[in-house]
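Residue strings, one per chain:
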Amino acid sequence: MEPMLVSQSSHQGGARLLLSGLGALLGLVIFTVLFAEQFNLWLALAYIAAAMAIFLGFAKLAEPRHFLKCDEVGVHFYHRYGSWLLPWHSFQYCAVPQLEHQDLSFIGFKVTDYDALLQPLRLRLAVRLMTEQRPLFLSAIKQGCADGQCASELLVEKDLFSTKHHTYNGVKAVFGQRMRRLAQASGFEVFVSSSLSAEQTAALCQQINQLRLQMIQNTAT
């Protein structure tokens, strides 16, 4: 099959923002040397704005051009700190998750084979994802508590996490525990942030689910 590549809108405009920031900074330096009698507050703010534009431009360019790829193997997720793979057989479906009856800006995957994800997962990426998705995790845990008093108990993280075939410790153990607790609270173990519109995200999930069924049927035959 031809790989399906999905881009994030957050990647767009990085080069333009970077060049604009560099041009503004160059103009400010020339103005300061030739015309500025003293370095005042407004000039300092202009330098800060130019520096922020440069930083944001670099940050956008550092984002992968494609954040998802679907091919014969499965669904690949790309992040500036690494990537993971969900083989087609390792999840049941994906959809737009909800909390408090509100669609989230994420794609949720219902994972059936934890080991397929955890075994090759790089620790650097795992730590980064847990940091970025901590607000989502806290919200999901809070929703999963009927009386609102159990969140602190669910946040206690153990040193070990076991599946039917493997036992994990350290970062992977924490990641696995969060997968299980997110599933209990929301129905999905793995989340991918999406800057696409709600309609585009829903349509993408439908495409991924159709590809999954197609690939599994092809494998079976």
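No experiment lies behind these values; they were computed from the predicted model shown.

**Q** So what exactly am I meant to see when it comes to the packing of aromatic side chains here?
**A** Centre distance and the angle of the planes are the two values used to describe a pair of aromatic rings. Under the definition given, this model contains 8 aromatic pairs. Considering the side-chain rings of W88 and F91, the 6.1 Å spacing of their centres and the 40° angle between planes classify their relative orientation as tilted. An identical accessibility class is assigned to W88 and F91; each is buried. Relative to F161, the ring of Y114 has its centre 6.0 Å away and its plane inclined at 20°; by these criteria the two rings are stacked.

**Q** Looking at this model, I keep getting lost on the sheet that holds strand β1 (residues 4-7). Mind explaining?
**A** Strand pairing in a sheet relies on backbone hydrogen bonds, with the paired strands running either antiparallel or parallel. Read from one edge of the open sheet, 4 strands run β1-β2-β3-β4, paired in antiparallel fashion. Two strands in the sheet have a free side with no partner beyond their single neighbour: β1 and β4 (82-87). Between one strand axis and the next, the sheet turns through 15° on average, direction left out of account.

**Q** Got a minute to help me understand the sheet that holds strand β11 (residues 190-193) in this structure?
**A** Read from one edge to the other, the open sheet built from 3 strands follows the order β5-β8-β11, with strand pairing classed as antiparallel. Both outer strands of the open sheet, β5 (91-95) and β11, are each paired with one neighbouring strand and no more. Across the sheet, the mean angle from the axis of one strand to that of its neighbour is 20°, orientation sign disregarded.

**Q** Could you clarify how one ought to interpret the side chain of D115 in this entry?
**A** Considering the arrangement of structural elements, one finds D115 in helix α3 (residues 114-118). Despite its burial, D115 pairs with no opposite charge, the nearest such side chain being R180 at 8.6 Å. Non-local contacts of D115, meaning those with residues more than four positions away in its chain, are made with P120, T163, H165, H166 and Y168.

Each value, and the rule that gives it
Residues numbered from 1 in each chain as written. Predicted model: local features only at pLDDT ≥ 70, side-chain atom pairs only at ≥ 80, totals over all residues. Heavy atoms only, no water. Phe/Tyr/Trp six-rings, centres within 6.5 Å; stacked < 30°, edge-to-face > 60°. Buried < 20%, exposed > 50% of the residue type's maximum accessible area, 1.4 Å probe, protein only. Pairing = 2+ DSSP bridges. Helix = DSSP H or I, 4+ residues; strand = E, 2+ residues; numbered from the N terminus. Axes fitted to C-alpha atoms, helices over the stretch in contact; angles between N-to-C directions. Lys, Arg positive; Asp, Glu negative; His and termini not counted. Salt bridge = Lys/Arg side-chain N within 4 Å of Asp/Glu carboxyl O. Contact = heavy atoms within 4.5 Å.

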